[in-house]
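Read off the chains here:
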Amino acid sequence: MSISHIVLATRNAGKLRELRSLLSETGWRVHGLQEIAMPAEVEETGATFSENARRKAVAYSGRTDYPVLADDSGLEVFALGGRPGVVSARYAGEGAGDAERIANLLAELDQTHGGRDARFVCALALALRGHLLLEVEGECRGVIAPEPRGRRGFGYDPVFFFPQLGKTFAELSEEEKNAHSHRGHAVKLLLTRLAEQSGLG
Ligand code: ITT
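Residues numbered from 1 in each chain as written. Predicted model: local features only at pLDDT ≥ 70, side-chain atom pairs only at ≥ 80, totals over all residues. Heavy atoms only, no water.

Trainee: How would you sum up the packing of aromatic side chains? Please name residues and give values.
Mentor: Applying the stated rule across the entire model yields four aromatic pairs. An aromatic cluster of three or more residues is present, and its members are Phe-120, Phe-160, Phe-162 and Phe-169. (Phe/Tyr/Trp six-rings, centres within 6.5 Å; stacked < 30°, edge-to-face > 60°.)

Below, the structure written as structure tokens:
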């Protein structure tokens, strides 16, 4: 299919900024959620990132004629059995901020004797008028730092140490993060799949 407009179905300002930047070379006109009527709050009750991304994309795309892209993402720490995982946004309870979520994670890790290896996962789902068109997933592996470092990015970025660049994600420029992140990988895959589907790939 050929896309000229797209709605990004996220209320997370950090994700929105990164997705806008990652899609900047497509030539698509990118719209935020405020440009379509809000659906009833979409329940993120799925067991996986892709299930939640699908739910959001399908629900929001019922309210607009434009295709809708939803992102469900989070951090999985292997020694914690994959937590915080799909509850990354609510890990320290509803209403908590990034600093509390990070403090919670570091406290929990201090009590385990496993390693600190982790991965970020980003599931993207694209839907049109209530029907799923495409879904992809990207990941990025790293290590949970002993304490937060850096002021850029959002969410768990200050404690996500990326060995390849020797920095946390919050110490990377936006271009560096986009080149290596779970979201960057997922967007590249999405664009490749779309190009293949339109016979251009
Ligand atoms: P929407 O559902 O409206 O998109 P949300 O913040 O509720 O926004 P999620 O349910 O997908 O989104 O939760 C993702 C959480 O995972 C997010 O709040 C961050 O804490 C974390 N996260 C995801 N991607 C991240 C990234 O690139 N850097 C740091 N933390 C990230």
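Now that the structure is up, let's keep going.
Trainee: Account for the site of the ligand, naming residues and giving values.
Mentor: Near the ligand, the surroundings consist of 20 residues, among which Thr-10, Arg-11, Lys-56, Asp-157 and Lys-177 are the closest. Thr-10 places a side-chain nitrogen or oxygen 2.6 Å from an oxygen atom of the ligand. For the ligand, an oxygen atom lies 2.8 Å from a polar atom in the side chain of Glu-44. Here the ligand has 620 Å² of accessible area as a free molecule, and 91% of this is covered by the chains. Taken together, the elements giving at least two residues each to the shell around the ligand come down to β3 (68-77) and α5 (182-197). (Near = heavy atom within 4 Å. Polar contact = N/O pair within 3.5 Å; in protein donor to acceptor, adjacent residues only side chain to side chain. Areas by Shrake-Rupley, 256 points an atom, 1.4 Å probe, with all protein chains shown as cover. Helix = DSSP H or I, 4+ residues; strand = E, 2+ residues; numbered from the N terminus.)

Trainee: Lay out α5 in plain terms, naming residues and giving numbers.
Mentor: Taking 1.5 Å per residue as the helical rise, α5 with its 16 residues ought to reach 22 Å, and the 23 Å between its terminal C-alpha atoms agrees with that figure. Those residues of α5 that are buried lie in contact with α1 (13-22), β3, β4 (117-128), β5 (131-144) and α4 (174-180). Gly-199 occupies a position one or two residues after α5 and carries a positive phi of about 75°. (Expected span 1.5 Å × (residues − 1). Contact = heavy atoms within 4.5 Å.)

Trainee: How would you summarise helix α2 (residues 49-61) if you had to cite specific residues and measurements?
Mentor: Taking 1.5 Å of rise per residue, 13 residues should cover 18 Å, and α2 covers 18 Å from first to last C-alpha, within 8% of that figure. Packed against the buried residues of α2 are α1, β3, β4 and β5.

Trainee: Outline the sheet that holds β3, supporting the account with residue identities and numerical values.
Mentor: One open sheet holds the seven strands; their spatial order is β2-β1-β3-β4-β5-β6-β7, and the pairing between them is mixed. In this open sheet, the two edge strands, each paired with only one partner strand, are β2 (29-31) and β7 (167-168). The strands touched by α2 are β3, β4 and β5; relative to β3, the strand with the most contacts, the crossing angle is about 160°. α5 rests against β3, β4 and β5 of the sheet, and its axis sits at about 150° to β5. (Pairing = 2+ DSSP bridges. Axes fitted to C-alpha atoms, helices over the stretch in contact; angles between N-to-C directions.)

Trainee: Which residues make up the pairing of β3, and what values go with them?
Mentor: Of all ten residues in β3, ten are buried; the element is thus mostly enclosed. Here β3 shows two buried faces, one formed by Val-68, Ala-70, Asp-72, Gly-74 and Glu-76 and the other by Leu-69, Asp-71, Ser-73, Leu-75 and Val-77. Two strands pair when backbone bridges link them, and strand β1 (residues 5-8) and β3 are joined in this way by two bridges, in the parallel orientation. Bridging across to β3, Val-7 finds its partner in Val-68. Strand direction decides the pairing type here: β3 and β4, joined by ten bridges, are antiparallel. Opposite Gly-74, over in β4, you have Val-121 as the bridge partner. (Buried < 20%, exposed > 50% of the residue type's maximum accessible area, 1.4 Å probe, protein only.)

Trainee: I'd love a proper account of the side chain of Asp-71, names of residues and values included.
Mentor: In this structure, Asp-71 sits in strand β3. Residue classification places Asp-71 among the buried positions, given a relative accessible area of 0%. Sequence-distant contacts of Asp-71, that is, excluding residues within four places in its chain, are made with Lys-15, Leu-19, Lys-56, Cys-122, Ala-123, Leu-124 and Arg-183.

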